[in-house]
Amino acid sequence: MQSSTVKTYQLLIDGAWVDSASGETFPDINPANTDDIVGHFQHATLEQTRQAIAAAAAAQPAWAGAGPSRRADVLYRAAQIIDDRVKELAVLLTREEGKTLAESTGEVKRAAANFRFYAAQAHLVGGQTLPADEGSTFLYTLRQPLGVVSVITPWNFPMTIPARKIAPALAAGNTVVFKPASLTPLLGIKLAEILAEAGAPSGVINVVTGRAGVVGNELVENRAISAVTFTGSYGVGDAIQHRAATTCRTQLEMGGKNPIIVLEDADLDLAVACTIQGAFGLTGQACTGTSRAIVVRDLADAYTEKLIAAAAKLKIGNGLDEGVKIGPVADLSQQETILDYIEIGRQEGAELVFGGRKLSGDAFDRGYFIEPAIFRNVNPLMRIAQEEIFGPVLAIIEVGDFDEAVAVANGIEYGLSASICTRDLNRAQRFAQLIEAGMVKVNQPTTGVSVNAPFGGVKKSSTDTFREQGSAAMDFFTRVKTVSIRY
Ligand code: NAP
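Residues numbered from 1 in each chain as written. Predicted model: local features only at pLDDT ≥ 70, side-chain atom pairs only at ≥ 80, totals over all residues. Heavy atoms only, no water.

### A few points about the layout of surface pockets
Here is step 1 of the chain: There is about 830 Å³ of room inside the largest pocket.
Here is step 2 of the chain: Taken together, 37 residues form the lining of the largest pocket, with E103, F157, Q277, L282 and T447 sitting closest to its centre.
Here is step 3 of the chain: Elements with a contribution of two residues or more to the lining of the largest pocket: α4 (101-121), α5 (160-171), α9 (268-280) and β19 (439-442).
Here is step 4 of the chain: Residue contributions to the lining of the largest pocket peak at six residues, all from α4.
Here is step 5 of the chain: Summarising the domain contributions, the lining of the largest pocket has at least three residues from each of domain 1 (3-254 + 462-486) and domain 2 (258-450).
Here is step 6 of the chain: Of the voids in this model, the second largest pocket is the one considered here, and its volume is about 710 Å³.
Here is step 7 of the chain: Lining the second largest pocket are 34 residues, with P154, F230, G232, S233 and V236 sitting closest to its centre.
Here is step 8 of the chain: Broken down by secondary-structure element, the contributors of at least two residues to the lining of the second largest pocket are α7 (212-221), β10 (225-231), α8 (234-243) and α11 (332-348).
Here is step 9 of the chain: The element contributing the most residues to the lining of the second largest pocket is α8, with six residues.
Here is step 10 of the chain: Residues that form the lining of the second largest pocket fall into these classes: 17 nonpolar, 13 polar and four charged. (1 Å grid on protein atoms, 1.4 Å probe; cavity = no way out; pocket = protein on both sides within 12 Å on 5 of 7 lines; lining within 4 Å. Points joined across faces, edges and corners; volume = space filled by probe spheres on them. Helix = DSSP H or I, 4+ residues; strand = E, 2+ residues; numbered from the N terminus. Domains from an automatic or database assignment. Nonpolar A, V, L, I, M, F, W, Y, C, P; charged D, E, K, R; others polar.)

### As for the pattern of salt bridges
Here is step 1 of the chain: The final tally for this structure, using the stated rule, is 25 salt bridges.
Here is step 2 of the chain: A salt bridge links R211 to E24; the nearest nitrogen and oxygen atoms lie 2.9 Å apart. Of the two residues, R211 sits in the loop between β9 (205-207) and α7 while E24 sits in the loop between β2 (16-18) and β3 (25-29), which places them 187 residues apart along the sequence.
Here is step 3 of the chain: Assessed through its relative accessible area of 37%, R211 is described here as partly exposed.
Here is step 4 of the chain: Three or more residues are tied together by salt bridges with common partners; here these are E264, D265, D424 and R427. (Salt bridge = Lys/Arg side-chain N within 4 Å of Asp/Glu carboxyl O. Buried < 20%, exposed > 50% of the residue type's maximum accessible area, 1.4 Å probe, protein only.)

### Concerning the site of the ligand
Here is step 1 of the chain: The environment of the ligand is formed by 30 residues, the closest being T153, S182, S233, M254 and E388.
Here is step 2 of the chain: In this structure, W155 approaches the ligand through a side-chain N or O atom, which is 3.0 Å from an oxygen atom.
Here is step 3 of the chain: Within the contact set of the ligand, an oxygen atom lies 3.5 Å away from a side-chain nitrogen or oxygen of R164.
Here is step 4 of the chain: For the ligand, whose unbound accessible area comes to 910 Å², protein coverage reaches 86%.
Here is step 5 of the chain: A molecule is said to occupy a pocket when more than half its atoms come within 2 Å of that pocket's grid points, and by this definition the ligand occupies the second largest pocket.
Here is step 6 of the chain: Looking at the shell around the ligand, the elements that each hand over two or more residues are α5, α7, β10 and α8.
Here is step 7 of the chain: Of the residues that constitute the shell around the ligand, the class distribution is 15 nonpolar, 10 polar and five charged. (Near = heavy atom within 4 Å. Polar contact = N/O pair within 3.5 Å; in protein donor to acceptor, adjacent residues only side chain to side chain. Areas by Shrake-Rupley, 256 points an atom, 1.4 Å probe, with all protein chains shown as cover. Sits in = over half its atoms within 2 Å of the grid points.)

### So, the packing of aromatic side chains
Here is step 1 of the chain: Counted according to the given criterion, the structure contains eight aromatic pairs.
Here is step 2 of the chain: Ring geometry for Y9 versus F41: centroids 5.0 Å apart, planes at 10°, classification stacked. You can see Y9 sitting in the segment before β1 (11-13) and its partner F41 sitting in strand β4 (residues 37-42), a full 32 residues away along the chain.
Here is step 3 of the chain: The class for Y9 is buried, based on a relative accessible area of 8%. (Phe/Tyr/Trp six-rings, centres within 6.5 Å; stacked < 30°, edge-to-face > 60°.)

### Re the sheet that holds strand β6 (residues 137-145)
Here is step 1 of the chain: Across the sheet, three strands lie side by side as β5-β6-β21; this open sheet has antiparallel pairing. Edge strands, defined here as strands with exactly one partner in the open sheet, are β5 (129-130) and β21 (478-486). (Pairing = 2+ DSSP bridges.)

### Digging into the environment of N222
Here is step 1 of the chain: Tracing the chain through its elements places N222 in the loop between α7 and β10.
Here is step 2 of the chain: Here N222 falls in the buried class, since its relative accessible area comes to 16%.
Here is step 3 of the chain: A distance of 2.8 Å separates a polar side-chain atom of N222 from the backbone nitrogen of A224.

### Some remarks on a nonpolar patch on the surface
Here is step 1 of the chain: On the surface, a cluster of nonpolar side chains totalling about 340 Å² of accessible area is made up of F138, I485 and Y487.
Here is step 2 of the chain: Position of F138 relative to the elements: it lies in strand β6. (Patch = residues over 30% accessible without salt bridge, like charges linked within 9 Å, V, L, I, M, F, W, Y side chains within 5 Å.)

### Comments concerning the packing of α9 against helix α10 (residues 297-312)
Here is step 1 of the chain: Packing of α9 against α10 leaves a shortest axis separation of 10 Å and a crossing angle of 55°. Between α9 and α10, the interaxial angle falls into the category oblique. Here α9 runs over α10; the crossing is right-handed. Contact residues: α9 offers L268, D269, A271, V272, T275, I276 and F280, while α10 offers L299, A302, Y303, K306, L307, A310 and A311.
Here is step 2 of the chain: In terms of residue class, the contact of α9 with α10 is made up of 11 nonpolar, one polar and two charged. (Axes fitted to C-alpha atoms, helices over the stretch in contact; angles between N-to-C directions. Parallel < 35°, antiparallel > 145°, perpendicular 65-115°, else oblique. Left-handed = near helix turned anticlockwise from the far one by under 90°. Contact = heavy atoms within 4.5 Å.)

Here it is as structure tokens:
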């Protein structure tokens, strides 16, 4: 229901905040309390999306020519504004996405850290000097911005994922047209407001909310786009890869089905803590979330017992409430998908040893709450062990030894993150070599990585071309040109 107290947010095109030309808006609804409408957002039209792309193209030469110090100033100021508003932004993030306030606070701070990191990177875009075969020749490479970059992001990290794409894009001298996920557009709009306040010139950052089939398609197919950086599901990413022009560079970060391997010499309490955080933190809605625990048979009983005891202590509820560790899932469709998978697991013959119920009564009726689910006796080929569920559902798979554990871990189509719990440095190193994943963890949860480290996956998890995050991200947002000068 549209209430007069609910704010309506606009599109940012060429420095101006405007309504949709069609007059159509859509609501952003709190998944913990569907009576709480977080805001109304514009359905940008095709024409407005084209205007945003044209504005970005027009602004790009001046932004690239402004020099690294000027670009860095804007990014540093954006970081400072985010830091000054952490509390306010974290509350909004919890209201729109559902994660706990502690998780939202971490995400907002991480967004600021991204802006700070890439502000410094603006000064470090450099080429190489090379020895030339010809005499009296100076041979070197230049790194230049690509032009207009489309940024398309998912709902589960509405602030960090846009930040880790937009900040390096701008640092390198590109301009951006950004489409946040329709489920969580508010933090994307806030980011654009912050960048405008930080001094980003008109057209440097444009935000178009709205239908994927209108806005999203144009951001992929418009020939003025030089690059698409996308994070989301494999299906959408795969389609983008096929629709983008050959002259358009793509960076696609997609799904995961991440394992944690627990060997017989593991610190059991640590293994359980890592599993709980990876599987049920962020309500299991993380691309790097743990969805498979691959455990050596001798340890499986003790591990499962401790895991259930730890899961039973996790308070489920509205992420704004004190002590809550698991917020709601993102919306009704997510809830239905997750409950469907729990039913599929049962029908496949796996044993549901904990949770898995839709929660109802009192505060739960107005939101999308599910108990975390733990399955045992899972065969590695079952659908719950193969397909991305993107919710708090863990499949425990028992194996005989290290070699079998690695074979099971690799026996899927995804390859984003993988962890092993062991005290054996030798097997930890072999794991790092053998595992088919972009992110490798030892005695740590599958989730989480430092802001300065490259991030990405292999197989269906990523295009496996350009990494996100860290200084590696600058490779995607710049193009190498070779220059040969006879003197
Ligand atoms: P999604 O449905 O693929 O959507 C992602 C973004 O793409 C949204 O902004 C969406 O817009 C847009 N989109 C949808 N169809 C499009 C089209 N035809 N052309 C252009 N854009 C289009 O993913 P999601 O449900 O938001 O996010 C969950 C998925 O993201 C999971 O698979 C998860 O593993 C993955 N993820 C991966 C990473 C990683 O780094 N590897 C990180 C986080 C999440 P609308 O919102 O308007 O539909």
